[in-house]
Structure formats: C-alpha cells, structure tokens
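Examining the three-dimensional arrangement
Residues per chain are reported as follows:
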Amino acid sequence: MSVPATLDGTAADAAGLETLVRLLAGRGVVVLSGAGLSTESGIPDYRGATGSRRRRPPMTYQEFTGSEAARRRYWARSHAGWQAIAGAEPNAGHRAVEQLRRSGHVSAVITQNVDGLHRAAGTRTAVELHGGLHRVVCLECRRTSAREELDRRLEALNGGFRDADAVARPDGDAELPQELVDGFRVAPCRACGGVLKPDVVFFGESVPEPRVRRCYELVDAGQALVVLGSSLTVMSGLRFVRRAARAGTPVVIVNQGVTRGDELAAARIGRPLGAVLTEAARRSAEVRTCGWRASTYV
Ligand SMILES: [Zn+2]
C-alpha cells in the first residue's frame, strides 16, 4: 500500500526537498516549468494528476492554418478565455523562482507555459519554449504585435460577445455554442491583411530550432535540472530531462502526479509547488546568510 500524500508530504517528499535544497546551494540550477506551476494562479492545466487529458485536445497547427472555420472557432474561444489569462497573477511558486534566480541559485528558467507569468514575476530572461499568448504573429508578413491591441479590435468587432452567458465561464477554456462561434468576427493583420495567430507553438508545430539550441546550451551549462509542474508528456520538454540525465546532471522533479521523466530523476517531490518552492527559497536564503557569516568571521 502506498503512503498517502499529505500537505506535509511523504518521507520521499521530505528526502526530495533535502536534495533540492542541496542542489540549489551548489548554484547554477536550471528550471524547466510547466502548467502545474500556474494552476495556483487559476490557470487550468488540461492534464490531470494522472497525466491524462481532462479536456478536449487543443487545436493543432494544421487545423488552424487549414480552415477559416477552425480559426474562427479558435479566436472565439480564445477571446472568451483571454480575460482569465490576462488577469492572472504570478503565484508564490513564480515568486520563489525569481527570488532564487536573483540570489544566483537558479541560473536559467525555461518554461513550457505561454501565460507570461514568469516574466510578470520579474524573470525577464525566462525562455518561453512554446512562445507567449501576449503576442500575436502574422503568418504572412511575420510582424508581431501585442495581444492587448488585438483584444481591443476583437472586442470592437464582436460587441457584447463576452456578455453572453455561455461565454462567462471562469476557466479560460470555455466550450462555446456553435451559433456564437459562427457569428464571431476574426481580425486580420493590420499591416498586410494576413492571418493572425497567437505567437505560441501549437500542437503539430515545431519549436523554432534556435530556441531549442539555446535551451540545450542552458541545460548543458547547468549544475542540475529542476522540473516544476510538468508531466513531461510532450517531447519538447522531456528531451531536456533526457539530455541532462545522459550528461550525469542531477534531475529533480516537483510535480503532483506521475511524469514521463520519473525514472530519470534523482529525486521527486509530489507536494504543492507554491509551498515547496517557498520553503526551498527560504532555506536557500538561510544557507547563504550562514555561509556569509562564516566567511566573515574566519
Ligand atoms: Zn501581416
């Protein structure tokens, strides 16, 4: 029988935290974050604790680029859910990561999240592996622009859309009745009239090669890799864990639920991320203070 996980965690969680704190003390830790880090900010993870999909699968790049009807459906749903994303704020986990980065314990942050919350927490150097929802790109002229600007245009084109009962859902991923989708008006690129797409990597689309190379460099230079809130279901994140493990770089996984990288991890922590990271940051700061005092008096 397995030991039930509590807020205090199991013995394995406690051992995992010791390992995490020890690795942070060595500095140069690379963070790879996923959707689980943002759930405490109210942004739903589309996979549950078992790693299985909870909602319908996301739209693929091929679907999006393949038909106007698919793009209308995408933008209608996205417009309905945008306020939940735009209004979300960094949580204790994002703030602890930024604190650890400023103190030098964390050397780099790579995120699979497109919500911009690492940047909102002050981590301006976070590499957004899958892009960001705060930007929009034109598929014709490649010009990028702010989602905020598009939001104002979509609001003007679709007055009253967000007031519809079916739209007013809190989860940012509303299922919309077909008649609402059919009536939605999509905005073209202002510069060339081309198709606008959120500046994120869709399923079925590859992460740009220079961005992948940059992430490999960061992982190679790191002393450890810490995965935060990702089940590592997609290869785009799992490959960095494999790369680190192959190089003998220790991997720690903090995630509530199983992940595809578990067998490669030196330690695993299954407790809530905000609590774990806050504690890790507090203990890292203590170690730093003690170390400074020791060197002062020697
Ligand atoms: Zn354009």
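Here the focus is the sheet that holds strand β8 (residues 251-254). Pairing between sheet strands relies on hydrogen bonds along the backbone, with the strands arranged either parallel or antiparallel. The sheet built from six strands is open, its strands ordered β3-β2-β1-β7-β8-β9 with parallel pairing. Across the chains shown, the open sheet's two edge strands, defined by having one partner strand only, are β3 (127-128) and β9 (267-269). Relative to β3, strand β2 (residues 106-111) runs parallel, the two being bridged by two bridges. When the bridges of β3 are listed, T111 appears paired with E128.

For the zinc ion, the protein coordination sphere consists of C138 (SG), C141 (SG), C189 (SG) and C192 (SG), at 2.3 to 2.4 Å. For C141, a relative accessible area of 35% translates into the label partly exposed. Under the relative-accessibility criterion, C192 is labelled partly exposed at 40%.

Mapped onto the fold, N255 is located in the loop between β8 and β9. A polar side-chain atom of N255 sits 3.1 Å from the main-chain carbonyl oxygen of G257. Setting aside residues no more than four positions away along its own chain, N255 makes contact with G229, S230, S231, R268, I269 and G270.

Evaluation of the coordinates by the stated rule reveals 17 salt bridges. Linking E128 and R135 is a salt bridge whose minimum nitrogen-to-oxygen distance equals 3.8 Å. We classify E128 as buried; its relative accessible area is 10%. One salt bridge connects D199 with R135, and the closest N-O pair in it is separated by 3.0 Å. Separated by 64 residues along the polypeptide, D199 in strand β6 (residues 196-200) and R135 in strand β4 (residues 131-138) bring together distant segments of the chain. Overlapping salt bridges, with partners in common, bring together R119, E128, R135 and D199 in one network.

How two helices sit against one another is set out by the angle between their axes and by the gap between those axes. Taken N-terminus to C-terminus, the directions of helix α8 (residues 209-221) and helix α9 (residues 235-246) make an angle of 35°; their axes are 10 Å apart at the nearest point. Crossing geometry of α8 relative to α9 is assigned as right-handed. Within the contact between the two elements, α8 uses V212, C215, Y216, V219 and D220 and α9 uses R239, F240, R243 and A244. Of the residues assigned to the contact of α8 with α9, the class counts are six nonpolar, no polar and three charged.

Basis of the calculations
Residues numbered from 1 in each chain as written. Predicted model: local features only at pLDDT ≥ 70, side-chain atom pairs only at ≥ 80, totals over all residues. Heavy atoms only, no water. Pairing = 2+ DSSP bridges. Helix = DSSP H or I, 4+ residues; strand = E, 2+ residues; numbered from the N terminus. Donors = N, O, S within 2.8 Å, 3.2 Å for Na, K, Ca; no water. Buried < 20%, exposed > 50% of the residue type's maximum accessible area, 1.4 Å probe, protein only. Polar contact = N/O pair within 3.5 Å; in protein donor to acceptor, adjacent residues only side chain to side chain. Contact = heavy atoms within 4.5 Å. Salt bridge = Lys/Arg side-chain N within 4 Å of Asp/Glu carboxyl O. Axes fitted to C-alpha atoms, helices over the stretch in contact; angles between N-to-C directions. Left-handed = near helix turned anticlockwise from the far one by under 90°. Nonpolar A, V, L, I, M, F, W, Y, C, P; charged D, E, K, R; others polar.

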